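Commentary on secondary and tertiary structure
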Amino acid sequence: MTDEARCVWLYAVVADGAGLPADGATEIGVGVGGGRVRAVHAAGVTAIIEDVGEDEFGEAALRRNLEDLDWLERTARAHHAVIEAMAENGPVVPMRLATVYSGDDPVADMLRQRAGDLREALSRLRGRSEWGVKAYAAAPVKTRPDEHDPATGPGAAYLRRRRTELTSRTNARQDAVAGAQAVHAELSLLSVSARLYPPQAPDLAGQAAPMVLNAAYLVAEERANEFAAAVNDLTGRHRSVRLGLTGPWPPYSFVGGSETSAERR
Amino acid sequence: MTELSPVVADQRIALVDLLDRVLAGGVVIVGDVTLSIADVDLVTVSLRALVTAVSALAGDADER
């Protein structure tokens, strides 16, 4: 890309001094547009950005590209890779995917306008990271294939079996929801704050079982092992759910002001 | 060191987990950006893109 119209992709904001090494590209790697990731400083905070082409990242192009799953996946992974690399140097405030500015000056203006909030967020997030916990309803106990009852015949046996199956599925689901609530309550106690996402559809989650909890927890780094151990322990104690743990994540879920529980210390 | 397996699953991040976060998390800026994803219908972006792709891959998914 040479002299076509440019715009600026914003990844994250970090504290001054926690930004890029002198030659950032070598450490951060390639960004969403295949270019070098660089920094803009203002008001004591640093924005991590990349120059990208209007042809791919301008407003019209973005609207179109966001509907293209391959593009969306590639871009989401590249966005995440840069943010994750930055998170190794210190706290980061990640930006939502596809935050695009017309140039460096508007980015610097934004930093100046929001410097107070950004600095507050950076200090709140220092030494903490995000963990994801998903709970799936455990498979209902399989009903035995009916011993054939000659008195009622196969039709009635089928209906009875079907009813039993539906009941056990409903019960399993209710137990799983209760289990998920207990898991969430316990994990919330080990975390600084928590956020609930809508459960993922079974097809998308790659799991046949319904998801009953899709939560993110902000956990102090020194409690990360304790948190993971708690997830394992809960797995043993709540047979109605299967749990999955992901992380550590950069604190995507704890910078937007929509966390569901109040900050605890 | 705590034993993290078996709850820690595969190493490559699942796209759905990533999209939860990058499309619904992160700081949202409106106003001075050329486009913020907040301007775009999120349901359209994440669900239509994903559902289309998944059903294309998996054929007709079983209904519930």
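Once a new chain begins, its residue numbering starts again from 1 and follows that chain's sequence as written. To label them, take the chains in the order written and letter them from A, then take the ligands in the order written and number them from 1. Under the rules for a predicted model, residues below a pLDDT of 70 receive no local features and side-chain atom pairs below 80 are neither given nor counted, while totals for whole chains, interfaces and linings still include all residues. For the side-chain quantities, the full set of heavy atoms in the structure was used; hydrogens and water were omitted.

A separate point is the pairing of strand β1 (residues 6-15) of chain A. Residues and elements named next belong to chain A. Among the 10 residues of β1, nine are classified as buried, and the element is accordingly described as predominantly covered. In this description, strands pair whenever DSSP reports at least two bridges between them. Helix and strand labels come from DSSP, where a helix needs a run of H or I of at least four residues and a strand needs a run of E of at least two; each type is numbered from the N terminus. Alignment of β1 against strand β3 (residues 45-53), held across nine bridges, turns out to be antiparallel. Each bridged residue has a counterpart across the sheet, and for Val13 the counterpart in β3 is Ala47. Pairing of β1 with strand β5 (residues 100-101), which is carried by two bridges, proceeds in the antiparallel orientation. Between buried and exposed lies partly exposed: a residue is buried under 20% and exposed over 50% of the maximum accessible area for its type, with that area taken using a 1.4 Å probe on protein chains only.

So, on to helix α5 (residues 104-125) of chain A. Residue and element names in this part refer to chain A. Any helix carries an expected span of 1.5 Å times its number of residues minus one. With 22 residues, α5 ought to run about 32 Å at 1.5 Å a step, yet its terminal C-alpha atoms sit only 26 Å apart, falling short of that. Where α5 bends most, the angle comes to about 75°, and this point is Arg114. Those residues of α5 that sit buried are Pro106, Val107, Ala108, Met110, Leu111, Ala115, Leu118, Ala121, Leu122, Arg124 and Leu125. Of the residues flanking the end of α5, it is Gly127, one or two places downstream, whose phi is positive at about 70°. Bend at a given residue is defined as the angle between two axes, one fitted to the seven residues that end at that position and one fitted to the seven that begin there.

What follows is about the packing of aromatic side chains. All names here are of chain A. When the centres of two rings from Phe, Tyr and Trp lie within 6.5 Å, Trp using its six-membered ring, the rings pair. Their planes under 30 degrees apart give stacked, over 60 give edge-to-face, and anything left gives tilted. Per the counting criterion, the structure on display carries five aromatic pairs over all chains. Where Tyr217 meets Phe227, the ring centres are 5.4 Å apart and the plane angle is 55°; that geometry is what we call tilted. You can see Tyr217 sitting in strand β8 (residues 211-220) and its partner Phe227 sitting in helix α8 (residues 224-237), a full 10 residues away along the chain. Like Phe227, Tyr217 is buried. Cluster of aromatic residues (ring-pair linked, three or more members): Trp9, Tyr11, Phe57 and Trp71.

Residues and elements named next belong to chain A. Spatially, β7-β8-β6-β9 is the arrangement adopted by the four strands of the open sheet, whose pairing is antiparallel. The strands lining the two open edges of the sheet, one partner per strand, are β7 (193-196) and β9 (241-249). Within this sheet the neighbouring strands show an average axis-to-axis angle of 20°, counted without direction. One ladder, built from four bridges, connects β7 with β8; its direction is antiparallel. Across the sheet, residue Arg195 finds its bridge partner in β8, namely Ala216. Any two residues whose heavy atoms approach within 4.5 Å are treated as being in contact. Orientation is described by lines fitted to C-alpha atoms, with helices fitted over the stretch in contact, and by angles between N-to-C directions that extend from 0 to 180 degrees. Against the sheet, helix α6 (residues 153-189) contacts β6 (128-137), β7, β8 and β9, and its axis sits at roughly 5° relative to β8.

Any functional reading would require information that these geometric values do not contain.
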